Amino acid sequence: METYIVDSFTKEPFKGNPAGVCFPRQELSAEAMLKIAQEFGLSETAFVRETSAAGSYAIRYFSPRQEIPLCGHATLAAAKVLFSKTPQTEIHFLTHEQVDLAITRHGDDITMTFPVYDTVAATAPPALLVALGLPTVVNTAFSPKNKIVLLEIADDQQLAALRPDFAALLQSHTGINGVLVTASGSSPAYDYHYRYFWPWAGTNEDPVTGGVQTFLAKYWATRLHKPVMQAFQSSGRTGSMQVELQADKVLLTSQAIIVLEGQLVAFD
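Here's what I pulled together on the structure shown here. Here the structure is a predicted model, which means the values were calculated and not measured. Within any chain, residue numbers begin from 1 and follow the written order of that chain's sequence. In keeping with the model being predicted, local features are shown solely for residues with a pLDDT of at least 70 and side-chain atom pairs are shown and tallied solely at 80 or more, while totals for entire chains, interfaces and linings include all residues. Side-chain figures throughout are based on the complete set of non-hydrogen atoms in the structure, without hydrogens or water.

1. Quick look at the overall build of the chain
Phase 1: Helices and strands together make up the secondary structure of the chain, namely six helices and 18 strands.
Phase 2: Expressed along its principal axes, the backbone C-alpha trace of the chain runs to roughly 50 × 35 × 30 Å.
Phase 3: Each residue is placed in one exposure class: buried if its accessible area under a 1.4 Å probe, protein chains only, is under 20% of its type's maximum, exposed if it is over 50%, and partly exposed if it falls in between. Sorting the 268 residues of the chain into buried and exposed places 51% on the buried side.
Phase 4: Any two residues whose heavy atoms approach within 4.5 Å are treated as being in contact. Considering only intrachain contacts with a sequence separation of at least 6, the fraction spanning at least 24 residues in the chain is 63%.
Phase 5: On the chain, roughly 11700 Å² of surface is accessible, and the fraction owed to carbon and sulfur atoms is 52%. Only DSSP runs of H or I covering at least 4 residues are called helices, and only runs of E covering at least 2 are called strands; the numbering of each starts at the N terminus. Accessible surface is estimated by sampling points in the Shrake-Rupley manner with a 1.4 Å probe; for residues, cover comes only from the protein chains shown.

Encoded structure:
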């Protein structure tokens, strides 16, 4: 089976967020895909198969723990591979939940069209804030669709310096997929910064996360009164993207780099 590792949301190798991309020739069971994702050990591995429609591909995403409905960096990684193999400038991915993702290429830039979801007001458990090392927050919200808690804090430098106690974090909340901590940008280069911790459903920290923009972009567009923004993920690897809110869609634009390609020979 043809396989790749691609660094997404970056122009530099070994930055951004690495994703596995697999092109199975026949249908794989969910159990087999989960085992492969565990073997890769990356935050996400995408499995891509052609459909009967030209330029359309079925895509599924697996973390080392479970199947994930939608993943930004694995979508970008899969698109990067397909655009490198064909002259196409537009493709469509159909997720396991039947969400149609339109993807376009403009030179080295790749733009992904994702859905937009709302957030609701929420209260964070005190134990959650302690585990994150946050004495206070500016605002707390919750994305019901993604099952992610959003915490806004006042300082992007404090955000970059966070060193969560992941064992305590995992015990501090149940029934969620992750916690996103975000802050407005202190320099003109980026409108907002964010980090995503998800030991409940994947790895301790996702290096650069595109899927959270389905609710984070609308959150910041409302607060900043800007439809087009630059977002920076201040993880150890770092990464960035442009986000553009368009009614019920959000456009994510960034780049990716293929760092490994090969054949997976044991996967059934």
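2. Observations regarding the packing of aromatic side chains
Phase 1: The criterion for an aromatic pair is that two Phe, Tyr or Trp rings (for Trp, the six-membered ring) have centres within 6.5 Å, with stacked assigned to planes under 30 degrees apart, edge-to-face to planes over 60 apart and tilted to the rest. Within the structure shown, the criterion is met by nine aromatic pairs.
Phase 2: Measuring from centroid to centroid gives 5.7 Å for Tyr-192 and Trp-220, while their planes differ by 10°, and the two rings are stacked. Of this pair, Tyr-192 sits in strand E13 (residues 192–197) while Trp-220 sits in helix H6 (residues 213–224), and the two are 28 residues apart along the sequence.
Phase 3: Relative accessible area serves as the criterion here: at 2%, Trp-220 is assigned to the buried category.
Phase 4: Among the aromatic residues, those joined into a ring-pair cluster are Tyr-192, Tyr-194, Tyr-219 and Trp-220.

3. Some words on helix H2 (residues 72–85)
Phase 1: Helix length check: H2, at 14 residues, gives a terminal C-alpha distance of 20 Å against a target of 20 Å (1.5 Å per residue), a fit within 8%.
Phase 2: Of all the 14 residues making up H2, eleven are buried; the element is thus mostly covered by neighbouring parts of the structure.
Phase 3: Regarding H2, the residues found buried are Gly-72, His-73, Ala-74, Thr-75, Leu-76, Ala-77, Ala-78, Ala-79, Val-81, Leu-82 and Phe-83. Helix span, expected: 1.5 Å multiplied by one less than the number of residues in the helix.

4. Examining the side chain of Arg-195
Phase 1: Structurally, the position occupied by Arg-195 is in strand E13.
Phase 2: N or O atoms closer than or at 3.5 Å make up a polar contact, with two conditions inside protein: a donor-capable atom paired with an acceptor-capable one, and, for residues adjacent in sequence, both atoms drawn from side chains. Side-chain polar atoms of Arg-195 contact the backbone oxygen of Leu-159, separated by 2.8 Å.
Phase 3: The residues touching Arg-195, leaving out its near neighbours within four places in the chain, are Leu-159, Ala-160, Ala-161, Leu-162, Arg-163, Val-179, Leu-180, Val-181, Glu-205, Gln-233, Ser-234 and Ser-235.

5. A closer look at the environment of Met-1
Phase 1: Along the chain, the position of Met-1 falls in the segment before strand E1 (2–8).
Phase 2: Take Met-1: its relative accessible area is 10%, and that puts it in the buried class.
Phase 3: Sequence separation of Met-1 and Cys-22 is 21 residues, and the distance between their C-alpha atoms is 6.9 Å.

6. A few points about the layout of surface pockets
Phase 1: Every definition here rests on a 1 Å grid over the protein atoms only: cavities are sets of points where a 1.4 Å probe fits but cannot get out, pockets are open sets enclosed by protein on both sides within 12 Å along at least five of seven lines, and lining residues have some atom within 4 Å of a point. Grid points are joined across faces, edges and corners, and a volume is the space filled by probe spheres set on the points. Taken as a whole, the largest pocket encloses approximately 390 Å³ of empty space.
Phase 2: Every residue lining the largest pocket is counted, 24 residues in all, and those nearest its centre are Ile-68, Pro-69, Leu-70, Asn-146 and Ile-148.
Phase 3: Residue classes follow a fixed rule: Ala, Val, Leu, Ile, Met, Phe, Trp, Tyr, Cys and Pro count as nonpolar, while Asp, Glu, Lys and Arg count as charged, and any other residue, Gly among them, counts as polar. Taken together, the residues of the lining of the largest pocket sort by class into ten nonpolar, nine polar and five charged.

7. Let's talk about a nonpolar patch on the surface
Phase 1: A patch is a set of surface residues, each over 30% in relative accessible area and not in a salt bridge, joined within 9 Å for like charges and within 5 Å for the nonpolar side chains Val, Leu, Ile, Met, Phe, Trp and Tyr. Salt bridge, as applied in this entry: a Lys or Arg side-chain nitrogen positioned within 4 Å of an Asp or Glu carboxyl oxygen. Together, Phe-14, Val-259 and Leu-260 line one region of the surface with nonpolar side chains, adding up to about 290 Å² of accessible area.
Phase 2: Secondary-structure assignment places Leu-260 in strand E18 (residues 256–263).
Phase 3: Owing to a relative accessible area of 42%, Leu-260 belongs among the partly exposed residues under this scheme.

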